[in-house]
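Analysis of the macromolecular model
Here is what each chain is made of, one letter per residue.
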Amino acid sequence: MKFTKLSRYFVAFVVFSVLCAQSGCLACTLSNRAGAQAEQKDWWQTAQFYQIYPRSFQDSDGDGIGDLKGITSRLQYLKDIGVTAAWLSPIFKSPMVDFGYDIADFYEIQAEYGTMDDFRELISKANALGLKIILDFVPNHSSNESEWFKKSLKRERGYEDYYVWHDGKLDEDGKRIPPSNWLQAFRGSAWEWREERQQYYLHQFAVQQADLNYRNPAVVEQMKRIIRFWLDQGVAGFRVDAVPVLFEVEPDENGQYPDEPVSGNTDDKDDRAYLKNDLIENRPETIDMVYQWRQVMDDYQRIHGGDTRVLLIETYAPAAYTMQMYGNRTVEGAHLPFNFNLITVLKQGVSASYVQLAVDEWLKNMPARRTANWVIGNHDQRRAASRYGVQRTDAMNMLVMTLPGASVTYQGEELGMIDGEISWEDTVDPAACNSNKDIYENFTRDPSRTPFQWTAGTNAGFSNASKTWLPLAPDYQTLNVDVENSSANSHLKIYKSLIELRKSSKTLQDGSYKYKALENNFFALKRYLTGEDTLVYIANFGNDTSTVDLQQDFDVLLPAAMTLTISSLDSTKTSGSEINTKSLSLAAGEALILSGPAN
Ligand code: GLC
Ligand code: MG
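Conventions used here
- Residues numbered from 1 in each chain as written.
- Chains lettered and ligands numbered in written order.
- Predicted model: local features only at pLDDT ≥ 70, side-chain atom pairs only at ≥ 80, totals over all residues.
- Heavy atoms only, no water.
- UniProt positions renumbered as here; feature names shortened; annotations may be inferred.
- Helix = DSSP H or I, 4+ residues; strand = E, 2+ residues; numbered from the N terminus.
- Expected span 1.5 Å × (residues − 1).
- Buried < 20%, exposed > 50% of the residue type's maximum accessible area, 1.4 Å probe, protein only.
- Arc of directions from axis to C-beta.
- Contact = heavy atoms within 4.5 Å.
- Pairing = 2+ DSSP bridges.
- Near = heavy atom within 4 Å.
- Polar contact = N/O pair within 3.5 Å; in protein donor to acceptor, adjacent residues only side chain to side chain.
- Areas by Shrake-Rupley, 256 points an atom, 1.4 Å probe, with all protein chains shown as cover.
- Nonpolar A, V, L, I, M, F, W, Y, C, P; charged D, E, K, R; others polar.

The name recorded for the chain in an unreviewed UniProt entry is alpha-glucosidase, from Bactrocera dorsalis. Of the comments in the UniProt record for the chain, the one headed Catalytic activity (unreviewed entry) reads "Hydrolysis of terminal, non-reducing (1->4)-linked alpha-D-glucose residues with release of alpha-D-glucose."

As structure tokens, then:
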């Protein structure tokens, strides 16, 4: 028959199509994915991340220390403000020398924070609300009270080389001294002698935080096991701690570690900044380890399905190093290496030109097709409102939410919380305790770790204990969630409307950008996308009221009048009103988001 051949092809085609539809065969899935990718970003690319410092978020059992049940009871708040995913500082078993960053058992929950069941409850409540939970992964070191360390101390089989041990060397008088001049982050030598083993071990942080030896494959494998263990518990990914210090230079041919040259940055010989630290930070091997962790996470997803599990990396490092964390053309790395530029660059001064520098440094160095992100605070820095100036609270929150990519909030930034006042007697941070009464304020991180301010009541609604682990910041009666929710306008309300805008605006999610520091300390950012509203962020970073012509100084394509969408708390301009872009006067710290037709 004439049609036989043709109809056979037809039948084959139908069968093939049905199979494709059922199994999602490779060819079909790939083309779908490519199509979908162009339109829709993956969840983390436009996400609003929120850092919880568990010790200070909500106490449920009256011991003055925040805990997991406390967090669970406040998940609704995160949902209400519009957060996508929360990352939790460490919740694992720890002697709490560095408040959880000294982990004694990576597979267990710290008892004062709760139990594994409490954690499961947290995950399931979060999932029910559509919130993702990300854990802190602290791969560089363990507590010196961990079983691993105890075994290593005794040279037990399999654990001999779990840490970085060394005999040290002899000085001119034949006295034993540490292997090198390396300094720890919290002042003093990075080497600690142990009688039991007759050797020194390396600790880039406190004495109680022993550096794991990443040149030992057993350690590498153990840490990957930890990643899989917590993925099995349903976490959406990890924030990875202190990544740049994972590897140190290898010993020379005589088995000795070279000394670090002096940096010339400070005369304080105990301060880590006294040395250059190129031998103990930002080593190439570290980058490969990040790629390996990404592989573990991608493999996990391939096997178990579900949403993308994300890798967020803590790197305070030069751009050339940090950008490699993203991966390259052949290998994937971190989804988001944290961008701390708005913290570090603006320490030189808070001004429009430093904002421009901070933004440039990221966007101009970021490899193609990667996602940017913006961070203005965390538990290691003074609070954003105190660092940038209270009058710039909204200007900064507006900035991180209108720049392209993901944005990150440290708990309390949405309220404009400021630093707590911590006396020498009250300070507990090892970075401060290892110094002295006269200089501790330069090092203490406690001011940004004071309890979260929920209400004007006892302990700001954080705890009903008679004493909280750190004192409350003095302003909690006037600055808290309750007050900000019930006032007509507040930092919190502005924050919420910013997240709403991010969620509804295709321009913010997918649009192009243009930005510039203008005369008189104005910073302008335009986001635009074909067929969608154009949005303009404009802020006065100066200390005086000034006027700007946005058309002439920033972008001739802007319309002469734009609509005011969101404004900072002190602004006297009315939302929804028409704003003259040719002559726009802004008070010190005032910031606006304007919208107009596509252009
Ligand atoms: C990271 C943490 C910090 C901690 C250090 C050591 O920098 O953010 O809080 O002290 O690592 O783990
Ligand atoms: Mg508690």
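With 14 residues, helix 5 (residues 116-129) extends 20 Å from end C-alpha to end C-alpha; this agrees with the ideal 20 Å at 1.5 Å per step. Among all positions in helix 5, only Met 116, Asp 118, Phe 119, Leu 122, Ile 123 and Ala 126 are buried. In a view along the axis of helix 5, the buried residues occupy a sector of 160 degrees, so they form one face of it. Of the exposed residues in helix 5, the ones pointing more than 90 degrees away from its buried face are Asp 117 and Ala 128. In this fold, the buried residues of helix 5 make contact with helix 3 (68-73), helix 4 (75-81), strand 2 (85-88), strand 4 (105-109), strand 5 (132-137) and helix 7 (217-232). Within two residues after helix 5, Gly 130 carries a phi angle of roughly 80 degrees, on the positive side.

The next thing to look at is the sheet that holds strand 7 (residues 165-166). Pairing in this open sheet of 3 strands is antiparallel, and the strands run 7-11-10 from one edge to the other. The strands lining the two open edges of the sheet, one partner per strand, are strand 7 and strand 10 (191-194). Relative to strand 11 (residues 199-202), strand 7 is paired through 2 bridges, and the arrangement is antiparallel. Bridging from a neighbouring strand, Trp 165 pairs with Tyr 201 of strand 11.

Next up on the list: the site of ligand 1. Close contacts around ligand 1 come from 14 residues, with Asp 98, Asp 241, His 379, Asp 380 and Arg 445 the closest. Here Asp 98 contributes a side-chain N or O atom positioned 2.5 Å from an oxygen atom of ligand 1. Taking 300 Å² as the accessible area of ligand 1 by itself, protein coverage stands at 95%. Partitioning the shell around ligand 1 into residue classes produces 4 nonpolar, 3 polar and 7 charged.

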